[in-house]
Amino acid sequence: MSRSPSFSVKSELSLQLNPESLRQWVVALCIIRFDLEQGQLIEECYPPGCLTKDEESEIAFSSFPDSVSQNHNRSSIHDCIFFFRSRRRENSQASNGAPTEMNAIGKELSPKSTDVRRSKSDNKAYISRYMYGYVFNRQRHDERLKRGGEQKSVVILSHSPYSSVFRPLLQIMGPLYFDIGKKALEHIAAYVSMWPAPIPGKLMELPIGNATLKVNLPPAHSLPLESGMLFEESASSMAPFLPNNQSIPQGLFHDSDLFGVFRALLLQLWVLWELLLIGEPILIIAPTPPQCSEAVASLVSLIAPLLCSVDFRPYFTIHDPEFAYLNSLQEGDTFPPMILGVTNLFFLKALRNIPHIVSVGSPAPNSNRFALSNRPSTGRISGKSEGFGLQQLSLKKFSPSSFLSAVKLRRDGPLCLMTEHKEAIWSTYSATTKPDTSILNRLIDAGMSPRIEESMSVVNNEILRRHFLELTTNFLAPFGPYFKTTTPKEGSSPFVDPPPLPPFNADDFLASLSARGPGKFLSKRMRSNWLDLYRRFVKGPNFTPWFQRRRAVAEQEQHRLWRQARIYTSIQQFITKMSELEVVDSFDAIERHILGEIQLQHSGKASADSIATCQKLKGDLRAVFHVLPKDMQQLLLLNPERAALLQGSPEHTKLPGRPLIQLGALSTTSPRYMVHT
């Protein structure tokens, strides 16, 4: 069995596990066995004791293909890789005893519920509402064993959706475990604990044995706030602005095979893009877990660089605790905004009121190839390797048989999948965006050669991903003015508080947008009802989390710009031009800025120049204090904390890369109001 990249354990090295560093990447490494009498059992968990019993049960059930839909092949060994996403239980030991912010399932899944938390990063505890499980599943067929074989899964659990890291890591760890046993977990955990902290949006080189994983991590603005590890986000890298370097990933799951999964449904990608954009619930059915998890990941990646706030489950089973709530929904109840990837056809009956159903993939071939590492495309379209014609894609060439088949498919509905698997979409949604035929005509058909097909799929994925990145960015562009930062105007004081960002009102925004239009790019690609799409987006589950997070980053950037201006500017040049009221306002503002710097210093989150900045601002505070009336000075000094800020002796404070600033001693005599005799 080949594995890529190659790996060998360096026995001469004495590897020491750093638990704190390990938790930056991984919650646990597990070995799960399918027992004939007891079902799924966690055989090994490293580090031990990091999961609750409920979590162990849920993870065990999610780590095996559904027996209902699994295609049993006759090869001796069959490996596949897929991943799932599950909600963390409230009393999880992995959160160091701190309870996660969870509500009842019904409230949590409510379409009106948008949990937007803008808390600051706490690197001491990696707490998350969700956990990702990356699974290497091996089925070994042996007629000498009970039921003719056995199943085991090697699972990496993480708070982070770093598929670009954990998929190749599984290709090493999975076969290694079956070679050397549970020692593989200890070796892999020790290597991972030596990795540097993750840096979102960057290319990282992560050593693992004699191999090195070179991976791009998704940018910070695409990571859910529930990840428990918040990173610095740059205002320049976030939508609605086009990225400067489009080779850098702009969203989650940028490595997913968008083209391969939806090859038979390419004309429907624009419908799916809109459904994701407005947060509609979608059920994705595929024959195997690798195919359905890849389809969900591809859909999430479709709306980059928008933050996806819809609850997505790459591989969802009836054993998930939230299935009971979803199954209890009656006809007429609103289905919560979720993307569910399933293989069990029972969901077609259990979740009858889910409005959009997508069927992708084809039954697994008799192969022991990695299902995701080699990324075989699903379905075949005949033709030369010169591009996908529209007739090939949409089958618009009329024939009575194709027309009758389409009518029958629509009439039978998704329940026709119970007898035969077909790739199709069932939805009553009418899309606003028209398929871009120029993009479709650029896609390349590789014919029947798997090797050429894999390389061409990379090219096609790049074409599709760049188009939808541009489409989403242009769609978000009208919100740009609400994130526009300001700097102090020339000749104005930077010591006062900056003006607030423009307030947002949905009705006013839609009225203004209706008057000026969506812009040239979208006008060519959308129908006349384009405003309805904006209206549904603003009311949907993706808008508020993205908008509030984007506003927070803009406010942070504006704070940085004004702080920088205060560092470079002396208050002395403004004092003589100020009225007494402006002097008092400046004093209050500078005092707040100093207290803010001190608070950051105490929390350990201050910048490198915070101490020098604080000293410079104290000098400005004393300068303003000097020009206040004497009775006001005496009143201010009654506050001990304020008096402490104003105390000082002549000293020089040096800011990095800036000239020395002279700080004067405190005087209770105001030079501006001094009485001459």
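Just so we're clear, the structure is a prediction, and the values are computed from it rather than from any experiment. (Residues numbered from 1 in each chain as written. Predicted model: local features only at pLDDT ≥ 70, side-chain atom pairs only at ≥ 80, totals over all residues. Heavy atoms only, no water.)

**Focus: the overall build of the protein**
Counting its secondary structure elements, the protein contains 23 helices and 14 strands. Relative to its full complement of 677 residues, the protein shows a buried share of 52%. The contacts of the protein with a sequence gap of at least 6 include a subset with a gap of at least 24, amounting to 77%. If you sum the accessible surface of the protein, you get close to 31200 Å²; carbon and sulfur atoms cover 52% of it. (Helix = DSSP H or I, 4+ residues; strand = E, 2+ residues; numbered from the N terminus. Buried < 20%, exposed > 50% of the residue type's maximum accessible area, 1.4 Å probe, protein only. Contact = heavy atoms within 4.5 Å. Areas by Shrake-Rupley, 256 points an atom, 1.4 Å probe, with all protein chains shown as cover.)

**Quick notes on the packing of aromatic side chains**
Across all of its chains, the model carries 40 aromatic pairs by this definition. Seen in terms of ring centroids, Y482 and F547 are 6.2 Å apart; in terms of plane orientation they differ by 65°. Their pairing is edge-to-face. Remark: F547 occurs in helix α18 (residues 543–568) and Y482 occurs in the loop between α14 (450–476) and α15 (506–516); sequence separation between them is 65 residues. Taken individually, Y482 and F547 each receive the classification buried, so the pair is uniform in this respect. Centre to centre, the rings of F587 and F625 are 6.4 Å apart; their planes meet at 40°, and the pair counts as tilted. Of this pair, F587 sits in helix α20 (residues 580–603) while F625 sits in helix α21 (residues 610–626), and the two are 38 residues apart along the sequence. (Phe/Tyr/Trp six-rings, centres within 6.5 Å; stacked < 30°, edge-to-face > 60°.)

**Regarding the sheet that holds strand β8 (residues 282–285)**
The five strands lie next to each other as β9-β10-β8-β11-β12, forming an open sheet whose pairing is mixed. Either end of the sheet is taken by a strand with one partner, and the two such strands are β9 (311–313) and β12 (424–426). With strand direction ignored, the average angle separating the axes of adjacent strands in the sheet is 10°. Direction of pairing for β8 relative to strand β11 (residues 356–359): parallel, over a ladder of four bridges. By the bridge assignment for β11, I282 is matched with H356. Its contacts with the sheet put helix α8 (residues 289–302) on β8, β9 and β10 (338–342), and the angle it makes with β10 is roughly 155°. (Pairing = 2+ DSSP bridges. Axes fitted to C-alpha atoms, helices over the stretch in contact; angles between N-to-C directions.)

**A few points about helix α7 (residues 269–278)**
Along an α-helix, a turn takes 3.6 residues, which lines up residues three or four apart on a common side. For α7, the tally of buried residues reaches 10 of 10 residues, placing the bulk of the element in the interior. Within α7, the full set of buried residues consists of L269, W270, V271, L272, W273, E274, L275, L276, L277 and I278. Looking one or two residues beyond α7, the residue adopting positive phi is G279, at roughly 75°.

**Comments concerning the nonpolar core**
Residues W25, L157, F262, W273, F475, F537 and W546 are the most contacted members of the largest nonpolar core, which totals 122 residues. Considering each element in turn, this core owes the most residues, nine residues, to α7. Excluding its chain neighbours within four sequence positions, the residues that come into contact with F262 are L269, L272, A295, S298, L299, V358 and V360. In terms of nonpolar packing, the next biggest core, distinct from the first, is built from 21 residues, F495, A623, L636 and L646 among them. (Core = buried A, V, L, I, M, F, W, Y, C linked by side-chain atoms within 4.5 Å.)

**Quick notes on the sheet that holds strand β1 (residues 28–35)**
The strand order across the open sheet built from five strands is β2-β1-β5-β4-β3, with neighbouring strands paired in antiparallel fashion. Edge strands, defined here as strands with exactly one partner in the open sheet, are β2 (39–46) and β3 (77–87). Between one strand axis and the next, the sheet turns by 25° as a mean value, whatever way the strands run. Relative to strand β5 (residues 149–158), strand β4 (residues 130–141) runs antiparallel, the two being bridged by 10 bridges.

**Quick word on the confidence of the model for the protein**
With 73% of its residues at a pLDDT of 70 or more, the protein shows a mean pLDDT of 79. In this model, residues 366–398 is a region of pLDDT below 50 whose contacts with residues beyond four sequence positions or in other chains number 93 contacts. Scored below 50 in pLDDT, residues 649–677 makes 66 contacts in the model with residues more than four places away or belonging to other chains. (pLDDT = per-residue confidence, 0-100.)

**Brief notes about unusual backbone geometry**
With omega at -5°, the peptide bond leading from Y46 into P47 counts as cis. Relative to the helices and strands, P47 resides in the loop between β2 and α2 (53–62). A positive phi is found at F253, a non-glycine position, where the angle reads about 55°.

**Overview of the pattern of salt bridges**
Side chains that differ in charge, positive against negative, can pair when their charged atoms come close. Going through the model one piece at a time under the given rule, you end up with 24 salt bridges. Close ionic contact of R87 with D311 constitutes a salt bridge, the shortest N to O distance being 3.6 Å. One end of the pair, R87, is in strand β3; the other, D311, is in strand β9, and 224 residues separate them in sequence. Here R87 matches D311 in class, with each residue buried. Across the salt bridge formed by E322 and R87, the nearest N and O atoms sit 2.4 Å from each other. Highlighted residues: E322 in the loop between β9 and α9 (323–328) and R87 in strand β3, separated in sequence by 235 residues. Per residue, the accessibility class of E322 equals that of R87, and both read buried. Here the salt bridges share partners, and the residues they tie into one network are R85, R87, D311, R313, D320 and E322. (Salt bridge = Lys/Arg side-chain N within 4 Å of Asp/Glu carboxyl O.)

**Observations regarding the environment of L265**
Along the chain, L265 turns up in the loop between α6 (258–261) and α7. Through-space distance from the C-alpha of L265 to that of V360 is 8.3 Å; in sequence the pair is 95 residues apart. Residues in contact with L265, not counting those within four places in the same chain, are V358, S359, V360, E423, A424 and I425.

**Observations regarding the packing of α15 against helix α17 (residues 530–539)**
In contact at an axis separation of 11 Å, α15 and α17 are set at 160° when each is read in the N-to-C sense. As the angle between them shows, α15 and α17 are arranged roughly antiparallel. In this structure, α15 meets α17 at a crossing whose hand is right-handed. Where α15 abuts α17, its residues A506, F509, L510, L513 and S514 lie against W530, L531, Y534, R535 and V538. Looking at the contact of α15 with α17 residue by residue, the class counts come to eight nonpolar, one polar and one charged. (Parallel < 35°, antiparallel > 145°, perpendicular 65-115°, else oblique. Left-handed = near helix turned anticlockwise from the far one by under 90°. Nonpolar A, V, L, I, M, F, W, Y, C, P; charged D, E, K, R; others polar.)

**Regarding the side chain of N542**
Tracing the backbone through its elements, the reader meets N542 in the loop between α17 and α18. For N542, a relative accessible area of 0% corresponds to the buried category. Of note is the side chain of N542, whose polar atom sits 2.8 Å from the backbone oxygen of L276. Apart from the residues within four sequence positions on either side, N542 is in contact with L276, L277, G279, I303, L306, L307, C308, S309, V310 and F537. (Polar contact = N/O pair within 3.5 Å; in protein donor to acceptor, adjacent residues only side chain to side chain.)

**What about the pairing of strand β6 (residues 203–208)?**
In β6, alternate side chains face the same way, and those of M204, L206 and I208 are buried while those of L203, E205 and P207 on the opposite face are not. In this sheet, strand β7 (residues 211–216) lies alongside β6 in antiparallel orientation, the contact comprising six bridges. When the bridges of β7 are listed, E205 appears paired with K214. Counting the residues that bridge the hairpin from β6 to β7 gives two residues, and of these G209 lies at a positive phi of roughly 65°.

**Section: the pairing of β5**
Within β5, eight of the 10 residues are buried, which leaves the element mostly enclosed by the surrounding structure. Of the pairings in the sheet, the one linking β1 to β5 comprises six bridges and is antiparallel in character. Note on β5: the bridge partner recorded for L29 is I156.

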